[in-house]
Amino acid sequence: MKVLKFGGTSVGTVESLSHVKKIVESIEGNAVVVVSALGGLTDKLIATAYLAAEGNSEWHSEMDAIISRHMHIIENVISPERKNQVKKDVNDYLDELKRNYEGVELIRSLPSHILDIIVSFGERISSTIVAAMIKNGERHDSLEFIKTEKWFDKNIANRKLTDTLIKEEFKNLMPDEKAIVPGFISRDTETNEITNLGRGGSDYSGALIAAALDAEILEIWTDVDGFMTSDPRIVKDAIVIDHLTFTESMELCTFGAKVIYPPTIYPVFHKNIPIKILNTFNPEAPGTLITDSHHKDDLEVKGVSALKGISLLSFQILKADISEDIYNRALNSLSKNGVSIIPVANPDPYSELNFAVPEKDSIRSIDILAEEFAPEISKGKLGDFERKDKLAAVALVGERMKTKTRLAARIGHSLRRQGINIEAYSPGNSDTTIIFIVHEEKTSETVRSVHSMVYK
Ligand code: ADP
Ligand code: ASP
Ligand code: MG
């Protein structure tokens, strides 16, 4: 069985929904179809919640616009005999959404669990519409089978329970049934509160379902012809990559390629289920295939992506003999506390150590390190920690990147000549990635420049 996921870009308008209908209805037999909220709606739901929390009455007109957008879609994509029922179901959701905004306005604050309820309406409503639009469409509610648990400040999937519940949910589909599933949303295993898998999380919902059902493929349908050598909004001549490995796609996505939400890759990778990226608006295009091993005519360097919001932490080692121990303890203590680290090259590891972390965790990281190394600091073995914010990691991903030292040197040289300062360099965690850390405002310029050097 196939699992398909249609992003907000594919379910945002009457026209795009007509493509979705055609694509899904042409599948023989069963399929699971995961859908996002209408394009841009999640942002709207959040912005409206903040207006209500500030007591700004403009939230009412935003709410009205949300209602009319959904009603316009229902009017134009649902068959006459089902229209009233769908309108009623969707209006029930919209009424509940409105009550949440009223509550937020009343208490003049926006607790995170209420925001989670508010954003959940996007996918709950879009899946209701799509299920009614598709022949043999049946809605299956992911709030019943995608379960999360807390991990530091995040909700992560409770894989074991989710796996069991998905198998149970989809074991008796009707002949030709197309199971329509709201992406993104979930419930907490312990409290049963509505949660979600993070922004862009519908891809991950698709992957969890594909893995649990041992699907033949996970198809991610979006608004571009495939995974491209760079973000097409930044690099105008980026090209579609025919084929990538799981590892390469994971690296590109971790470093900012928005086309797939990074956690998506793990569950399907472990089951060796291929992913295909396809264009809803151009279904004939071959798209990008992602599998476990290299193909012989693959591009060697697959792509260049960039992640903003990076900080560089460094500290002085005043007693050289402790360098290695300090480095390992620093990495361990940060990862134990849920901080993901980008190791960078340390040109002088006996006197200074550096690594990069997400900027949102940078202050916390320093606190963690100060606690871990309190004894060494008090004995004068370690100097002060330094922090540089507002940086970006530009990643070059492909096969055997460790051997591409000349390419890396040429890029480094050329960037410096253009006046782009390289704050740190990293051969990456694996043999797949080379990273240049630059100032955030130079991100696009660096990406364009690196892309043009690689694909000239
Ligand atoms: P969806 O709504 O389908 O989930 P997203 O906006 O999350 O769509 O992801 C698709 C978008 O990702 C594309 O429109 C494109 O602008 C952007 N993008 C960024 N990097 C890449 C890349 N390397 N290849 C393709 N698309 C990319
Ligand atoms: N609607 C959610 C978002 O905008 C989830 C998704 O689209 O994947 O983040
Ligand atoms: Mg997306």
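Predicted, not measured: the structure shown is a model, and the values here were computed from it. (Residues numbered from 1 in each chain as written. Chains lettered and ligands numbered in written order. Predicted model: local features only at pLDDT ≥ 70, side-chain atom pairs only at ≥ 80, totals over all residues. Heavy atoms only, no water.)

Trainee: I would appreciate a short explanation of the site of ligand 2 in the present structure.
Mentor: Around ligand 2, the neighbouring residues are S36, T42, E123, F184, R199, G200, G201 and S202. In the model, a nitrogen atom of ligand 2 is placed 2.8 Å from a nitrogen or oxygen of the T42 side chain. For ligand 2, an oxygen atom lies 2.8 Å from a polar atom in the backbone of G200. Alone, ligand 2 offers 260 Å² of accessible surface; in the complex the protein occludes 85% of this. Its residues assigned to classes, the shell around ligand 2 comprises one nonpolar, five polar and two charged. (Near = heavy atom within 4 Å. Polar contact = N/O pair within 3.5 Å; in protein donor to acceptor, adjacent residues only side chain to side chain. Areas by Shrake-Rupley, 256 points an atom, 1.4 Å probe, with all protein chains shown as cover. Nonpolar A, V, L, I, M, F, W, Y, C, P; charged D, E, K, R; others polar.)

Trainee: Can you help me understand the environment of K44 in this one?
Mentor: Its place among the elements puts K44 in helix 2 (residues 41-53). Assessed through its relative accessible area of 37%, K44 is described here as partly exposed. Those residues in contact with K44, other than ones at most four positions away along the chain, are E62 and Y101. A polar atom in the side chain of K44 sits 3.4 Å from the side chain of E62. (Helix = DSSP H or I, 4+ residues; strand = E, 2+ residues; numbered from the N terminus. Buried < 20%, exposed > 50% of the residue type's maximum accessible area, 1.4 Å probe, protein only. Contact = heavy atoms within 4.5 Å.)

Trainee: Just checking my understanding: could you explain the site of ligand 1 for this structure?
Mentor: Among the 18 residues in the neighbourhood of ligand 1, the closest are listed as T9, T222, D223, M228 and K258. At a separation of 2.9 Å, an oxygen atom of ligand 1 approaches a polar side-chain atom of T9.

Trainee: When you look at the sheet that holds strand 11 (residues 275-279) in this model, what are you seeing that I'm missing?
Mentor: Within a sheet, each strand pairs with its neighbour through backbone hydrogen bonds, oriented either parallel or antiparallel. One open sheet holds the eight strands; their spatial order is 3-6-2-1-9-11-12-10, and the pairing between them is mixed. Both outer strands of the open sheet, strand 3 (137-139) and strand 10 (243-245), are each paired with one neighbouring strand and no more. On average, adjacent strands in this sheet sit at an angle of 25 degrees to one another, irrespective of strand direction. As paired strands, strand 3 and strand 6 (residues 178-182) are joined by three bridges and run parallel to one another. Considered in strand 6, the bridge of E138 is made with A179. The strands touched by helix 5 (residues 112-133) within the sheet are strand 2 (31-35), strand 3 and strand 6, with strand 6 carrying the most contacts at an inclination of about 165 degrees. Against the sheet, helix 8 (residues 246-254) contacts strand 10, strand 11 and strand 12 (288-291), and its axis sits at roughly 90 degrees relative to strand 10. (Pairing = 2+ DSSP bridges. Axes fitted to C-alpha atoms, helices over the stretch in contact; angles between N-to-C directions.)

Trainee: I would appreciate a short explanation of the pattern of salt bridges in the present structure.
Mentor: Here the idea is simple: oppositely charged side chains can pair when their charged atoms come close. Under the counting rule described, the total for this entry stands at 26 salt bridges. When the shortest N-O distance is used, the salt bridge between E25 and K21 registers 2.8 Å. Placement of both E25 and K21 in helix 1 (residues 14-25) is noted, with a separation of four residues, approximately one turn of the helix. A relative accessible area of 32% means that E25 is categorised as partly exposed. Note that D214 and K271 form a salt bridge whose closest N and O atoms lie 3.0 Å from each other. Taken together, the residues D214 in the loop between helix 7 (202-212) and strand 9 (217-222) and K271 in the loop between helix 9 (265-270) and strand 11 connect sequence positions 57 residues apart. Given a relative accessible area of 35%, K271 falls into the partly exposed group. Through salt bridges that share partners, E248, D298, E300, K302, E399, R400 and K404 make up one connected network. (Salt bridge = Lys/Arg side-chain N within 4 Å of Asp/Glu carboxyl O.)

Trainee: Quick question: what am I supposed to make of the packing of aromatic side chains here?
Mentor: The way to describe two aromatic rings as a pair is by their centre distance and the angle between their planes. Using the criterion set out here, one finds 12 aromatic pairs in the structure. When the centroid spacing of 6.0 Å and the interplanar angle of 45 degrees are considered together, the rings of F315 and F373 count as tilted. In this pair, F315 is assigned in strand 13 (residues 301-317) and F373 in the loop between helix 11 (362-372) and helix 12 (374-378), connecting sequence segments 58 residues apart. The exposure classification of F315 matches that of F373, with both residues buried. Note on Y425 and F436: the rings are 5.6 Å apart at their centroids and 50 degrees apart in plane angle, and the pair reads as tilted. Placement of Y425 in strand 17 (residues 424-426) and of F436 in strand 18 (residues 433-439) is noted, with a sequence separation of 11 residues between them. Feature note: the residues F315, Y327, F355, F373 and F385 constitute an aromatic cluster, connected by ring pairs. Lying across the ring of F121, R124 places its NZ or CZ 4.5 Å from the centre. (Phe/Tyr/Trp six-rings, centres within 6.5 Å; stacked < 30°, edge-to-face > 60°. Lys NZ or Arg CZ within 6 Å of the ring centre and 35° of its normal.)

Trainee: How should the side chain of T162 be read in this particular structure?
Mentor: Checked against the element boundaries, T162 lands in helix 6 (residues 159-169). Each residue touching T162, except ones within four places of it in the same chain, is listed here: F145, I146, K147 and L208.

Trainee: Would you explain the sheet that holds strand 8 (residues 194-196) in this entry?
Mentor: As summarised here, the arrangement of the four strands in space is 5-4-7-8, forming an open sheet in which the pairing is mixed. In this open sheet, the two edge strands, each paired with only one partner strand, are strand 5 (154-157) and strand 8. Between one strand axis and the next, the sheet turns by 55 degrees as a mean value, whatever way the strands run. Relative to strand 8, strand 7 (residues 185-188) runs antiparallel, the two sharing three bridges.

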